[in-house]
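# Geometric and topological summary
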Amino acid sequence: MILKQLEETAQALVASDKGLLAMDESNPTCNKRFASLGIPETVDARRAYRELIVTTPRLGECIGGAILYDETIRQQKSDGTPFIKVLIEAGIIPGIKVDQGAKSLAGFPGEKVTEGLDGLRDRLAEYSRLGARFAKWRAVITISEGVPSRGCIAANAQALARYAALCQQAGLVPVVEPEVLMDGDHTLDRCFEVTEEVLREVFFQLYSQRVALEGMILKPNMVVPGLSCLHQESVDEVADATVKCLLRTVPAAVPAIAFLSGGQSAELASARLNAMNLRFTSRLPWALAFSFARAIQQPALELWKGHEANVPAAKQALFHRARCNQAARRGEYSAAMETR
Ligand code: 13P
């Protein structure tokens, strides 16, 4: 019974070529993004910004689920309506980030492991009562000389699998996010090699922990060259490498893959997702969708800058990015969409 419900939720999240909107930045991350634009790093500013997002008109046409943060899931609009209610009325399924951040992995200098398993069962029960129907956990894998290690990959994959199993038991669809970071000067081939190894281990651990693949969503990185790598492959080359890597590693039972954006520009993330769907749709056993934070939010945040007068323009920019990414799911995105 629970499995059927999980499958239905997973499919609803990406139905009609929609995707996910990650708005689950932790307070320190949200504050960092605010600070760079001179926006006050306060609970009021964070609440106002999240209200801007959830009240964006027509967002539910392109966004199937929104990932909230512990602070946000408990917040309300200025008129007192809980954000959760606003989302549900807009046809957007509420989700929640449940990991407690990536911390230094003991014995592995420069590598991280995500914490948050202790007490997770109780937190999931509470979030479910609040109205969340899916959850997210992010593991972080760094590429550098001799890194990532087997130990780091195994520790992160096991935590992801234990989290996913607990989510499914609580009736929440786990969004499983192993992120291979773009930081560094590594090549696309190196990113491919690491992403393949990570995904193989993640699916081995998911199997070991008896996670039902039909009731989860994978949230991986695209296979891209490091941000400071001198050679940057074309959009089509990135699309080809990413799909090749996923076809090798992600079982067909998984209903959807929803990419993180990871620091790519908003336009590039849309173009790459579009190229994957345009070139490979007939070969793909899973939906190829998006679960972007920065690649949907950043243009809107830069317009808003914390000022009430900028809210309408920021909402328009947010909707625009959501619509571009829905078009990318259909292979119908083009640069022309950007000249509004
Ligand atoms: P980005 O799209 O900004 O990478 O964020 C996605 C996310 O949810 C990271 O956990």
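I will try to describe carefully the structure that is included in this document. A quick note: this is a predicted structure, and the numbers were derived from the prediction, not measured.

In the vicinity of the ligand, 13 residues are found, and the nearest of them are Lys136, Lys219, Ser261, Gly262 and Arg294. Ser261 is positioned with one of its side-chain polar atoms (N or O) 2.4 Å from an oxygen atom of the ligand. Here an oxygen atom of the ligand and a backbone polar atom of Ala293 are 2.8 Å apart. In the complex, 93% of the free accessible area of the ligand, which totals 300 Å², lies under the protein chains. For the ligand, the cavity whose grid points lie within 2 Å of the majority of its atoms is the largest pocket. Mapped onto the shell around the ligand, the elements with two or more residues apiece are β6 (134-141) and β10 (287-292). When its residues are assigned to classes, the shell around the ligand shows four nonpolar, three polar and six charged.

Quick look at helix α3 (residues 43-54) now. Compared with an ideal rise of 1.5 Å per residue, which puts twelve residues at 16 Å, α3 spans 16 Å between its outermost C-alpha atoms and is within 8% of the ideal. Taken residue by residue, α3 has Ala45, Arg46, Tyr49, Arg50, Glu51, Leu52, Ile53 and Val54 as its buried positions.

The bulk of non-glycine residues show a negative phi, and the bulk of peptide bonds are trans. In this structure, the amide linkage connecting Val147 to the following residue, Pro148, adopts the cis form with an omega of 10 degrees. Note on placement: Pro148 falls in the loop between β6 and α7 (150-169). Of note, the phi angle at Ser16 is positive, near 55 degrees, even though the residue is not glycine. With respect to the secondary-structure elements, Ser16 resides in the loop between α1 (2-13) and β1 (19-22). With phi around 60 degrees, Asp17 is a residue other than glycine that occupies positive phi space. Among the secondary structure elements, Asp17 is positioned in the loop between α1 and β1. Judged by relative accessible area, Asp17 falls into the partly exposed class, the value being 24%.

Scoring rules and cut-offs
- Sequence order as written defines residue numbering, which begins from 1 separately in each chain.
- For this predicted model, a pLDDT threshold of at least 70 governs which residues receive local features, and a threshold of 80 or more governs which side-chain atom pairs are given and counted, while totals over whole chains, interfaces and linings are taken from all residues.
- Just so you know, side-chain values use all the structure's heavy atoms and leave hydrogens and water out.
- Each residue is tested against the molecule or strand, and it is near if at least one of its non-hydrogen atoms lies within 4 Å.
- Here a polar contact is taken to be a pair of N or O atoms separated by no more than 3.5 Å, where protein atoms must pair a possible hydrogen donor with a possible acceptor and residues adjacent in sequence count only if both atoms sit in side chains.
- For the accessible areas, the method is Shrake-Rupley and the probe is 1.4 Å, while residue cover comes only from the protein chains on display.
- Points on a 1 Å grid over protein atoms alone make up a cavity when a 1.4 Å probe fits among them but cannot get out, and a pocket when they form an open set with protein on both sides within 12 Å along at least five of seven lines; lining residues each have an atom within 4 Å of a point.
- Any molecule with more than half of its atoms within 2 Å of a cavity's or pocket's grid points is regarded as sitting in that cavity or pocket.
- Counting from the N terminus, the helices are the DSSP runs of H or I reaching at least four residues and the strands are the DSSP runs of E reaching at least two.
- Charged means Asp, Glu, Lys or Arg here, nonpolar means Ala, Val, Leu, Ile, Met, Phe, Trp, Tyr, Cys or Pro, and polar covers whatever is left, Gly included.
- Helices are assigned an expected span. That span is 1.5 Å times one less than the residue count.
- Summary of the burial criterion: residues with accessible area below 20% of their type's maximum are buried, those above 50% are exposed, and those between are partly exposed, where the area comes from a 1.4 Å probe applied to protein chains only.

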